[in-house]
Amino acid sequence: MKERDVIRALRRVAREQQACDEMEKDRIIGAVTQYEIPVRKEGGFGEFLALQFSFINKLAFLGQILWLFLFAYAIWDGQIFHLSNETLCILSMAPPLLLLLTVEEISHVYNRSMLEIEYATKYSLRRVVTARLFLLGTVSGVILLAGIFFAKMRLGLDLISVLTYSLTPYVCMTFLLLLFMKKWKGQQLTYAGLMVYAVLLSVILIGRLEAFDIYRQNFLGIWIAVLFASLLGIVYQFRKLWFRLEHFELVVD
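Residues numbered from 1 in each chain as written. Predicted model: local features only at pLDDT ≥ 70, side-chain atom pairs only at ≥ 80, totals over all residues. Heavy atoms only, no water.

A. A look at the overall build of the protein. Across its full length, the protein carries 12 helices and 0 strands. Going from the N terminus to the C terminus, the protein shows its helices and strands as α-α-α-α-α-α-α-α-α-α-α-α. The proportion of buried residues among the 253 residues of the protein is 38%. Of all intrachain contacts in the protein linking residues separated by at least 6 positions in sequence, the fraction that spans at least 24 positions is 75%. A total of about 15900 Å² of accessible surface is found on the protein, and carbon and sulfur atoms cover 66% of it. (Helix = DSSP H or I, 4+ residues; strand = E, 2+ residues; numbered from the N terminus. Buried < 20%, exposed > 50% of the residue type's maximum accessible area, 1.4 Å probe, protein only. Contact = heavy atoms within 4.5 Å. Areas by Shrake-Rupley, 256 points an atom, 1.4 Å probe, with all protein chains shown as cover.)

B. Summary view of the packing of aromatic side chains. Within the structure shown, the criterion is met by 5 aromatic pairs. Taking the centre distance of 5.0 Å and the plane angle of 75° together, the rings of Tyr165 and Trp223 count as edge-to-face. Note that Tyr165 is positioned in helix H9 (residues 159-180) and Trp223 in helix H11 (residues 220-246), a separation of 58 residues in sequence. Across the pair, Trp223 and Tyr165 agree in class, each one buried. (Phe/Tyr/Trp six-rings, centres within 6.5 Å; stacked < 30°, edge-to-face > 60°.)

C. Quick peek at a nonpolar patch on the surface. A cluster of nonpolar side chains, contributed by Leu59, Leu62, Ile65 and Phe69, occupies part of the molecular surface with about 460 Å² of accessible area. In this structure, Ile65 sits in helix H4 (residues 58-77). Ile65 gets classed as partly exposed once you look at its relative accessible area, which sits at 42%. (Patch = residues over 30% accessible without salt bridge, like charges linked within 9 Å, V, L, I, M, F, W, Y side chains within 5 Å. Salt bridge = Lys/Arg side-chain N within 4 Å of Asp/Glu carboxyl O.)

D. Quick peek at the side chain of Thr164. Residue position: Thr164 is located in helix H9. Once you skip the residues sitting within four places of it in the chain, Thr164 turns out to touch Pro169, Leu220, Trp223 and Ile224.

E. Summary view of the environment of Pro96. Tracing the chain through its elements places Pro96 in helix H5 (residues 86-100). Residue Pro96 is classed as buried on the basis of its relative accessible area of 1%. Pro96 sits 75 residues away from Val171 along the chain, and the two C-alpha atoms are 8.2 Å apart. In contact with Pro96, not counting residues within four places along its chain, are Pro169, Tyr170, Met173, Tyr197 and Leu200.

F. Molecular detail of the environment of Arg208. Mapped onto the elements, Arg208 comes out in the loop between helix H10 (186-207) and H11. For the pair Arg208 and Leu88, spaced 120 residues apart in sequence, the C-alpha separation works out to 8.9 Å.

G. Structural view of the nonpolar core. Within the largest apolar cluster, 51 residues are counted, with the highest numbers of intra-cluster contacts made by Trp67, Phe71, Leu91, Tyr165, Met173 and Tyr215. With 10 residues, the top contributor of residues to this core is helix H8 (residues 125-155). Apart from the residues within four sequence positions on either side, Met173 is in contact with Pro96, Leu99, Leu100, Gly193, Val196, Tyr197 and Leu200. (Core = buried A, V, L, I, M, F, W, Y, C linked by side-chain atoms within 4.5 Å.)

H. Main features of the packing of H4 against H5. Where H4 meets H5, the closest approach of the two axes is 10 Å, and the angle between their N-to-C directions is 175°. One way to sum up the angle between H4 and H5 is to call them roughly antiparallel. Here H4 contributes Gln64, Trp67, Phe71, Ala74 and Ile75 to the contact with H5, which in turn contributes Thr87, Ile90, Leu91, Ala94, Pro95, Leu97 and Leu98. (Axes fitted to C-alpha atoms, helices over the stretch in contact; angles between N-to-C directions. Parallel < 35°, antiparallel > 145°, perpendicular 65-115°, else oblique.)

I. Examining helix H3 (residues 45-54) more closely. For H3, the complete set of buried residues consists of Phe48, Leu49 and Gln52. Buried residues of H3, viewed axially, fall in a sector of 95°; they line one side. (Arc of directions from axis to C-beta.)

Below, the structure written as structure tokens:
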């Protein structure tokens, strides 16, 4: 049976049902209220975050932990691909991979069916979506910072350079995924993330060549400019997302 046939059948059944007798309804309510039924009250902020954490696929977090070990090994070895500026390239290429490990989970957080379900719960839609994105972002951020500080100790670079070379591709990709998330969901968003990563990878690998050498000190200002531009883009996209969730009917249309 097709979906529209099911909907028609349900509507037909609903029309055939008689309205509940008001006196009978009052009698049933009165009988139920005689029993002391414990009502679960809304918990605190910590309990709310723990509840939202339980809905997130833990394989995404395991993948991020595995990423940290592989990243540390690549930085420690430094000669896996035998490229010029290899450790700096790895420092730039690896962080967006961390984001790709969670892109499908992010898509699950913000899709139509999830919005419709959460809209009917006791928690506000904005609160649920924001909390889950916050949890995913926090775990990714902690793991990324652990990798960055390991790279700083291993490579002996100044902190600003390490942060810039590693965070710029990551933040840039985050902005682009937030932009694409309005149009694509699920596997489509994953494919879009892979395409974005392929473009970033091409820019990094071509830019490392001596003709461009984007890792020269005089290019650092350009890296920082792209980083802050992407951060502003992320703030703007989150602001738009916040207002879309406030007006839920605009999201699900």
